[in-house]
Amino acid sequence: MKMKALLDKVKLFVLDMDGTFYLGDRRIDGALDFIHKVKETGRDFIFFTNNSSKNGSMYIEKLTAMDCPITKDQIMTSGDVTAAYLKSKYPGKKVYLVGTPALEAVFREEGICLTEEKPEVVVIGFDMTLTYEKLERACTYIREGAVFLATHKDINCPTETGFIPDCGAICAAITLSTGVLPRYLGKPCRETLDMVLQRTGYNKDEIAFVGDRIYTDVATGVNNGALGILVLSGETKRADIAASEVQPDGVFESLKEMLEYL
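Here's what I pulled together on the structure shown here.

About the thresholds
- Residues numbered from 1 in each chain as written.
- Predicted model: local features only at pLDDT ≥ 70, side-chain atom pairs only at ≥ 80, totals over all residues.
- Heavy atoms only, no water.
- Helix = DSSP H or I, 4+ residues; strand = E, 2+ residues; numbered from the N terminus.
- Rg over C-alpha atoms; globule rule 2.2 N^0.38 Å.
- Buried < 20%, exposed > 50% of the residue type's maximum accessible area, 1.4 Å probe, protein only.
- Contact = heavy atoms within 4.5 Å.
- Pairing = 2+ DSSP bridges.
- Axes fitted to C-alpha atoms, helices over the stretch in contact; angles between N-to-C directions.
- Left-handed = near helix turned anticlockwise from the far one by under 90°.
- Nonpolar A, V, L, I, M, F, W, Y, C, P; charged D, E, K, R; others polar.
- Arc of directions from axis to C-beta.
- 1 Å grid on protein atoms, 1.4 Å probe; cavity = no way out; pocket = protein on both sides within 12 Å on 5 of 7 lines; lining within 4 Å.
- Points joined across faces, edges and corners; volume = space filled by probe spheres on them.
- Core = buried A, V, L, I, M, F, W, Y, C linked by side-chain atoms within 4.5 Å.
- Phe/Tyr/Trp six-rings, centres within 6.5 Å; stacked < 30°, edge-to-face > 60°.
- Lys NZ or Arg CZ within 6 Å of the ring centre and 35° of its normal.

So, about the overall build of the protein chain. Broken down by element type, the protein chain carries ten helices and 15 strands. At 18 Å, the protein chain has a C-alpha radius of gyration in line with the 18 Å of a compact globule built from 262 residues. Oriented by its inertia axes, the alpha-carbon framework of the protein chain measures out at about 55 × 35 × 35 Å. For the protein chain, with 262 residues in total, the buried portion stands at 55%. Of the contacts made within the protein chain by residues no fewer than 6 positions apart, 67% connect residues no fewer than 24 positions apart.

So, on to the sheet that holds strand 8 (residues 121–124). One open sheet holds the five strands; their spatial order is 7-6-8-9-12, and the pairing between them is parallel. The open sheet has two edge strands, strand 7 (113–114) and strand 12 (183–184), and neither has a second partner. As paired strands, strand 8 and strand 9 (residues 147–150) are joined by four bridges and run parallel to one another. Bridge pairing links isoleucine 124 to alanine 150 in strand 9. Sitting on the sheet, helix 7 (residues 167–178) touches strand 8, strand 9 and strand 12, and the angle it makes with strand 9 is about 160 degrees.

Take the packing of helix 4 (residues 78–89) against helix 5 (residues 101–109) next. When two helices pack together, you describe them by how their axes are tilted relative to each other and by the distance separating the axes. Running from N to C, helix 4 and helix 5 cross one another at 35 degrees; their axes reach a closest spacing of 10 Å. The handedness of the crossing between helix 4 and helix 5 is right-handed. Where helix 4 approaches helix 5, its residues Gly79, Asp80, Thr82, Ala83 and Leu86 are matched on the opposing element by Leu103, Val106 and Phe107. Looking at side-chain class alone, the contact of helix 4 with helix 5 contains five nonpolar, two polar and one charged residues.

Attention now moves to helix 2 (residues 31–40). Every buried residue belonging to helix 2 is among Ala31, Leu32, Phe34, Ile35 and Val38, and all of these are buried. End-on, the buried residues of helix 2 take up no more than an arc of 155 degrees, which puts them together on one face.

Here the largest pocket defines a volume of roughly 380 Å³. Taken together, 15 residues line the largest pocket, and the ones lying closest to its centre are Lys72, Asp80, Glu109, Glu110 and Arg199. Ranked by residues supplied to the lining of the largest pocket, first place goes to helix 4 with four residues. Residue composition of the lining of the largest pocket, grouped by class: six nonpolar, three polar and six charged.

In this structure, Phe13, Phe21, Phe34, Phe47 and Met258 are the most contacted members of the largest nonpolar core, which totals 32 residues. Only helix 1 (2–8), strand 1 (12–15), helix 2, strand 4 (44–49), helix 3 (56–65), strand 13 (207–211), strand 14 (227–231) and helix 10 (255–258) provide two or more residues apiece to this core. With five residues, the single largest contributor to this core is helix 2. Excluding anything up to four places from it in sequence, phenylalanine 47 contacts Leu15, Asp16, Met17, Phe21, Ile35, Leu63, Cys68, Ile70, Gln74, Ile75 and Met76. One finds Val81, Leu97, Leu114 and Val196 within the second-largest nonpolar core, a separate group that totals 26 residues.

What follows concerns the sheet that holds strand 13. Ordered by their spatial adjacency, six strands build an open sheet running 5-4-1-13-14-15, and the pairing between neighbours is parallel. Only two strands of the sheet have a single neighbouring strand rather than two, namely strand 5 (75–77) and strand 15 (250–252). Pairwise comparison of adjacent strand axes, ignoring direction, gives a mean angle of 25 degrees for this sheet.

So, on to the packing of aromatic side chains. Scanning the model with the defined rule gives six aromatic pairs in all. With centroids separated by 5.3 Å and ring planes inclined at 75 degrees, the aromatic side chains of tyrosine 96 and tyrosine 141 adopt a geometry described as edge-to-face. You can see tyrosine 96 sitting in strand 6 (residues 94–98) and its partner tyrosine 141 sitting in helix 6 (residues 132–143), a full 45 residues away along the chain. Tyrosine 141 shares its class with tyrosine 96; the two are buried. One aromatic cluster is present, formed by Phe21, Phe45 and Phe47 through successive ring pairs. Its guanidinium or amino end placed over the ring of tyrosine 22, lysine 62 lies 4.1 Å from that ring's centre, counting from NZ or CZ.

All right, on to empty space enclosed by the protein then. One pass over the structure, following the stated rule, counts one cavity of 30 Å³ or more. Tallied by class, residues from the lining of the largest cavity come to two nonpolar, four polar and five charged.

This is the structure we're talking about:
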């Protein structure tokens, strides 16, 4: 009854993707049924992923292939938050981006001035095209005084076969080399909630962030006045919860268990 009362308050579910809705190219059991139930009960959902290696169009294509077609306004990424942050805080500044071609396309579409030489800002994303040359340039520019930003702090990205190094792991190498910590964006930062509020029109007490990581997905809600709900279908295991400084408002095995309370 406690979990039902908790979910009854939610009008908008902000759903993580990797480890929550799918693993790799496999949809997690019950995830699509959850989406259908949300719609049936007159509520809304959007997807928000910290995975900045892809852009919105690529995620729309991926979800459509999983029988979950969505529109452009139902998907947001940490790359989108970072581009908005750059336009607000560093308008017109030259940016060196360590990211995939997909993230580069997002930045160019938003009018971000990308450069290979003497940037004023260095941005690190989940770069699955990472090379040593990119790593070396980023460290050099940060040592020379460039602002160090990162799209998100996720250390590992869950896949069907295990975990692979994510943006936070790349940033850790740069920090170890330069002694400089990045300013992270994406989940769990306030800028993520602000973008959701702006785009959807909901109040923060009507929103639940749902995902498989306490330190990003859950913390976005808990630390910023919304709800943070943990699913155990990805990175976090039940044994990890007690040691976490951030405590979820609710814990479920997966989206499939959540739909039973809607």
